[in-house]
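The primary structure of each chain is shown beneath.
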Amino acid sequence: MKPPLNIVGAEPLPQGALAVETLGMTMRFGNFTALDNVSVKVPAGTFHALLGENGAGKSTLVKCMMGFYHATAGQMLIGGREAVIDDPRDAHALGLGMVYQHFTLVPSLTVAENLVISRDDTPRIIDWPRERKALAEFMEYMPFRVPLDQPVMRLAAGEKQKLEILKQLYLGRRFLILDEPTSVLTPDEADEVLGHVRALCSKRAISVMMITHKFREVTAYADDVSVLRRGKLVGQGSVRDLSHNDMAAMMIGTEKPLVPTARARVAGAEVLRIRGMTARDRSGLKEIAIDDLKVCAGEIVGIAGISGNGQMELMEVLTGQRAATAGMVEVKGQPYHATREESQALAVRSVPEEPLKNACAGRLSVVENIAFRSFDRSETGRSFWLRGSEIHKRGVELITAFKVRTASPEAPIASLSGGNVQRAVLARELTGKVDLLLVSNPCFGLDFSAVAEIRARIVAARNAGCAVLLMSEDLDEVMELSDRILVMSEGRIAYEVAAEQAELATIGHHMGGHA
Ligand SMILES: Nc1ncnc2c1ncn2[C@@H]1O[C@H](COP(=O)(O)OP(=O)(O)OP(=O)(O)O)[C@@H](O)[C@H]1O
């Protein structure tokens, strides 16, 4: 029988922040070792950062800690005592909680409703006056507030992430795992949220382990850092003693960092033209309207905008996932509706957001997914079905060239880490003749060396004469890569500027609709 509360020893755990430690944590998937004898200690009230390249094993470690995976070997100590965590409910009962990069809230419900329904013991009939009184008292003790009566869909991203953290505190969690918690936040929002988390650690209300790819956040908020590479712990220490270069060196080992690709001057003919195009937005109530947009060969046009201003819908129209209600789209002077035949004939490629969902068949293998564009054509351009061995050979070459980390070329693509799915899709989309490349948030969730590599590949495609339409919520990325910058606000192109004249503050104003 399990000991009470899955913890060895009869004494209750101490109040406030929990000390959590993994000892020799190992996780094997078949013959592949995703995590190899990893020991990490997070003392009570400290903020620990977990760094590592895509596929290094960060998510696997935290999934073992939270009971989503049963580790092949290793132990967990909570409050210095051995803990048995068979599933996430055990982890929750012991005070461990997790906050993800994407929100887990119900958008149509209010803040108060979201909090109350998140409890395991929510009664069927809720006594709202009682719950509201309890919530108001809970909020009194919180270092930051979120308005209880506001529907979640009206909250800005930063407020939603604050609510995710409040929810964990409301549920009594005292050790929080934050998995890239600032990916969808602006830098200001990220600072506000992490500032609050830091303060909660300093008050010994919680301890934190945060997965991140952002060195700046590690230096500004964490006490200690652990670095994983290929499933092994390769570095550990106090953040005070480590520079960004030290951390980068631990992450990539002996691999040489990439030198950014120089930008060649390549003026070219018009490749993409959109005129008078309208489409419904995701809610179906409003519409997006693009009066006139063109992208020429050898040019990167970056579209900046706060998420939810129609960029995603524009991308969906261009990739055939959403119907336009009026207007026209032309590629190289020909009408374009994004059918497979048209995209092949006109050499149009795309890398959508959330590639596992939107650009992959999760249960098919990595090589099969890489072959999607080309399984029915040979290198000579003649149209016949390729032999399995040829598909395999090409797939393996691309896996190596794009450094896709996978247990095997035959592993289902859904088993890859997020960053490696992105690399595999880029390997497919950037191979062969590409005249128009449509990319959406191409570096979301990627580690720093992958970001440099992917950006270099996009610039190289541009230098080779490809027209690139880049949509990104990362303004730094838009500024770094684009030749021309457009801002989308409320479904329209609100501003256009050549990269040489672009000013961050002006672009920011237009993004916020304050022009
Ligand atoms: N369920 C699974 N089956 C097989 N292999 C898996 C499974 N889950 C993870 N892996 C493999 O384990 C390795 C580590 O993956 P993990 O998701 O832990 O990486 P990560 O460090 O979180 O990467 P990222 O920064 O890209 O999210 C990867 O090579 C991945 O392919």
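Every value quoted in this text rests on a predicted model; they were computed, and no experiment measured them.

1. Side note on the overall build of the protein chain
For the protein chain, the count of helices and strands is 17 helices and 20 strands. Its C-alpha atoms give the protein chain a radius of gyration of 24 Å, near enough to 24 Å, the size a compact globule of 515 residues would have. Considering only C-alpha atoms, the protein chain reaches an extent of 75 × 55 × 45 Å along its principal axes. In the protein chain, the share of contacts with a sequence separation of at least 24, taken over all contacts with a separation of at least 6, comes to 71%.

2. With respect to the confidence of the model for the protein chain
With 92% of its residues at a pLDDT of at least 70, the protein chain reaches an overall mean of 87. Taken element by element, the predicted model of the protein chain shows its lowest mean pLDDT in helix H17 (residues 504-511) (82) and its highest in strand E8 (residues 207-211) (97). The low-confidence segment residues 1-5, where pLDDT is below 50, has four contacts with residues more than four positions distant or belonging to other chains. Below pLDDT 50 for its whole length, residues 380-384 participates in three contacts with residues either more than four positions away or in separate chains. Predicted complex, confidence summary: ipTM 0.97, pTM 0.77.

3. Some remarks on the site of the ligand
For the ligand, the set of nearby residues contains 21 residues, the closest of which are Ala 34, Asn 54, Ser 59, Ser 417 and Gly 419. Those elements that place two or more of their residues in the shell around the ligand are strand E2 (32-42), helix H1 (58-65) and helix H14 (418-429).

4. Structural notes on H17
Residues of H17 that are buried: Ile 507, His 510 and Met 511. The buried residues of H17 occupy an angular sector of 105° when the element is viewed end-on, so they sit on one face. Buried positions along H17 lie against strand E13 (300-304), helix H16 (475-481), strand E19 (484-489) and strand E20 (492-498). Where H17 terminates, the next one or two residues include Gly 513, which has phi positive at roughly 75°.

5. As for the sheet that holds strand E6 (residues 96-99)
Strand-to-strand pairing in sheets goes through backbone hydrogen bonds, with the strands running parallel or antiparallel. Across the sheet, six strands lie side by side as E6-E7-E8-E3-E9-E10; this open sheet has mixed pairing. Because the sheet does not close on itself, it has two edges, and the strands there are E6 and strand E10 (232-238). Between one strand axis and the next, the sheet turns by 20° as a mean value, whatever way the strands run. Bridge count between E6 and strand E7 (residues 175-179): four bridges; the pairing is parallel. The residue bridging Leu 96 from the neighbouring strand is Phe 175, located in E7.

6. Examining the packing of helix H5 (residues 157-170) against helix H6 (residues 187-202)
Closest axis-to-axis distance for the H5/H6 pair is 9 Å, and the angle between their directions is 20°. Classed by the angle they form, the pair H5 and H6 counts as roughly parallel. Remark: the crossing between H5 and H6 carries right-handed chirality. Between H5 and H6, the contacting residues are Ala 157, Gly 158, Gln 161, Lys 162 and Ile 165 on the first element and Glu 189, Glu 192, Val 193, His 196 and Val 197 on the second. When the residues that make up the contact of H5 with H6 are grouped by side-chain class, the tally is four nonpolar, three polar and three charged.

7. Comments concerning the domain arrangement of the protein chain
The domain boundaries assigned to the protein chain delineate domain 1 (4-10 + 17-252) and domain 2 (270-347 + 433-511). Relative placement of domain 1 and domain 2: their C-alpha centres are 34 Å apart. Taken residue by residue, the interface counts nine residues in domain 1 and eight residues in domain 2. Partitioning the side of domain 1 that touches domain 2 into residue classes produces four nonpolar, three polar and two charged.

8. Digging into the pairing of strand E16 (residues 348-351)
Burial of the side chains of E16 extends over both faces: Val 348 and Ser 350 are buried on one face and Arg 349 and Val 351 on the other. In this structure, E16 lies alongside strand E17 (residues 436-440), joined through four bridges in parallel fashion. Note that in E17 the partner of Val 348 across the bridge is Leu 436.

9. Regarding the nonpolar core
Core analysis: the largest hydrophobic core is formed by 70 residues, its most contacted members being Ala 424, Leu 436, Val 468 and Leu 470. Looking at this core element by element, the count peaks at six residues for helix H15 (residues 448-463). Those residues in contact with Ala 424 that sit more than four places away from it in its chain are Val 366, Asn 369, Ile 370, Val 404, Ile 413 and Leu 416. Counting residues in each nonpolar core, the second largest holds 64 residues, with Ala 49, Val 62, Met 210 and Phe 215 among its members.

What counts, and where the lines are drawn
- Residues numbered from 1 in each chain as written.
- Predicted model: local features only at pLDDT ≥ 70, side-chain atom pairs only at ≥ 80, totals over all residues.
- Helix = DSSP H or I, 4+ residues; strand = E, 2+ residues; numbered from the N terminus.
- Rg over C-alpha atoms; globule rule 2.2 N^0.38 Å.
- Contact = placed C-beta atoms within 7 Å.
- pLDDT = per-residue confidence, 0-100.
- Near = placed C-beta within 6 Å.
- Buried ≥ 20, exposed ≤ 12 C-beta atoms within 10 Å, placed from the backbone.
- Arc of directions from axis to C-beta.
- Pairing = 2+ DSSP bridges.
- Axes fitted to C-alpha atoms, helices over the stretch in contact; angles between N-to-C directions.
- Parallel < 35°, antiparallel > 145°, perpendicular 65-115°, else oblique.
- Left-handed = near helix turned anticlockwise from the far one by under 90°.
- Nonpolar A, V, L, I, M, F, W, Y, C, P; charged D, E, K, R; others polar.
- Domains from an automatic or database assignment.
- Core = buried A, V, L, I, M, F, W, Y, C linked by C-beta atoms within 7 Å.

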